[in-house]
Amino acid sequence: MDDHEPNHQDHDLVSDAGAEIKAMAKQGLDHPSTKPVLTGAAVGAVAAGLLPVVTWPVGLVAGAGFMLYKRLRP
């Protein structure tokens, strides 16, 4: 194994996320990642509404980002 290569697959995460977001925008709800990401956004917003420190937009973005990450790197 090359010492310069990372041991994980996150080195292309940004480009993979960009491609996935573009595909979701193009295909809408027909894309397999759209519904889980929207569900994660909703759960994050509700959870943030229950927490006193975090506002719902932060929870929405965090939930959507987490689910998108889980779709890209299961």
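Further up the page is the structure itself.
The shown structure was predicted, so the numbers you read here are calculated from the model rather than taken from an experiment.

(A) Quick peek at the environment of Thr 55. For Thr 55, the location among the structural elements is in the loop between α2 (34–50) and α3 (56–72). Distance in space between the C-alpha atoms of Thr 55 and Ala 45 is 7.9 Å, their sequence separation being ten residues.

(B) Up close: the packing of helix α1 (residues 13–27) against α3. Viewed as axis vectors pointing N to C, α1 and α3 meet at an angle of 105°, and their least axial separation amounts to 11 Å. The pairing of α1 with α3 is recorded here as roughly perpendicular in orientation. Note on element contacts: α3 touches α1 through Leu 68, Tyr 69 and Leu 72, opposite Leu 13, Asp 16, Ala 17, Glu 20, Ile 21 and Met 24. When its residues are assigned to classes, the contact of α1 with α3 shows seven nonpolar, no polar and two charged.

(C) Region of interest: a nonpolar patch on the surface. A surface patch of nonpolar side chains, amounting to about 360 Å² of accessible area, comprises Leu 51, Val 53, Val 54 and Val 58. Structurally, Val 53 can be placed in the loop between α2 and α3.

(D) Layout of the packing of α2 against α3. At a minimum axis distance of 6 Å, the contact between α2 and α3 shows a crossing angle of 145°. Seen from above, α2 lies across α3 with right-handed handedness. On α3, the residues touching Pro 36, Val 37, Gly 40, Ala 41, Gly 44, Ala 45 and Ala 48 of α2 are Trp 56, Gly 59, Leu 60, Gly 63, Ala 64, Met 67, Leu 68 and Arg 71. Looking at the contact of α2 with α3 residue by residue, the classes come out as ten nonpolar, four polar and one charged.

(E) Structural view of the pattern of salt bridges. Scanning the model with the defined rule gives one salt bridge in all. Residues Arg 73 and Asp 16 are paired through a salt bridge, measuring 3.0 Å at the closest nitrogen-oxygen approach. One end of the pair, Arg 73, is in the segment after α3; the other, Asp 16, is in helix α1, with 57 residues separating them in the sequence.

(F) Highlighting α2. Between its first and last C-alpha atoms α2 spans 25 Å; for 17 residues at 1.5 Å apiece the expected length is 24 Å, and the two agree. Every buried residue of α2 is accounted for by Thr 34, Val 37, Gly 40, Ala 41, Gly 44, Ala 45 and Ala 48. Viewed along the axis of α2, the buried residues span an arc of 135°, placing them on a single side of the element. Set apart from the buried face of α2 by more than 90 degrees, the exposed residues are Lys 35, Val 43, Val 46, Gly 49 and Leu 50.

(G) How the structure looks around α1. With 15 residues, α1 extends 21 Å from end C-alpha to end C-alpha; this agrees with the ideal 21 Å at 1.5 Å per step. Within α1, the full set of buried residues consists of Ala 17, Glu 20 and Met 24. Buried residues of α1, seen end-on, are gathered within an arc of 65° and therefore sit on one face of the element. Exposed residues on α1 whose side chains face more than 90 degrees from its buried face are Val 14, Lys 22, Ala 25 and Lys 26. On its buried face, α1 is in contact with α2 and α3. Of the residues trailing α1, Gly 28 is marked for its positive phi of about 65°.

Definitions and cut-offs
- Residues numbered from 1 in each chain as written.
- Predicted model: local features only at pLDDT ≥ 70, side-chain atom pairs only at ≥ 80, totals over all residues.
- Heavy atoms only, no water.
- Helix = DSSP H or I, 4+ residues; strand = E, 2+ residues; numbered from the N terminus.
- Axes fitted to C-alpha atoms, helices over the stretch in contact; angles between N-to-C directions.
- Parallel < 35°, antiparallel > 145°, perpendicular 65-115°, else oblique.
- Contact = heavy atoms within 4.5 Å.
- Nonpolar A, V, L, I, M, F, W, Y, C, P; charged D, E, K, R; others polar.
- Patch = residues over 30% accessible without salt bridge, like charges linked within 9 Å, V, L, I, M, F, W, Y side chains within 5 Å.
- Areas by Shrake-Rupley, 256 points an atom, 1.4 Å probe, with all protein chains shown as cover.
- Salt bridge = Lys/Arg side-chain N within 4 Å of Asp/Glu carboxyl O.
- Left-handed = near helix turned anticlockwise from the far one by under 90°.
- Expected span 1.5 Å × (residues − 1).
- Buried < 20%, exposed > 50% of the residue type's maximum accessible area, 1.4 Å probe, protein only.
- Arc of directions from axis to C-beta.

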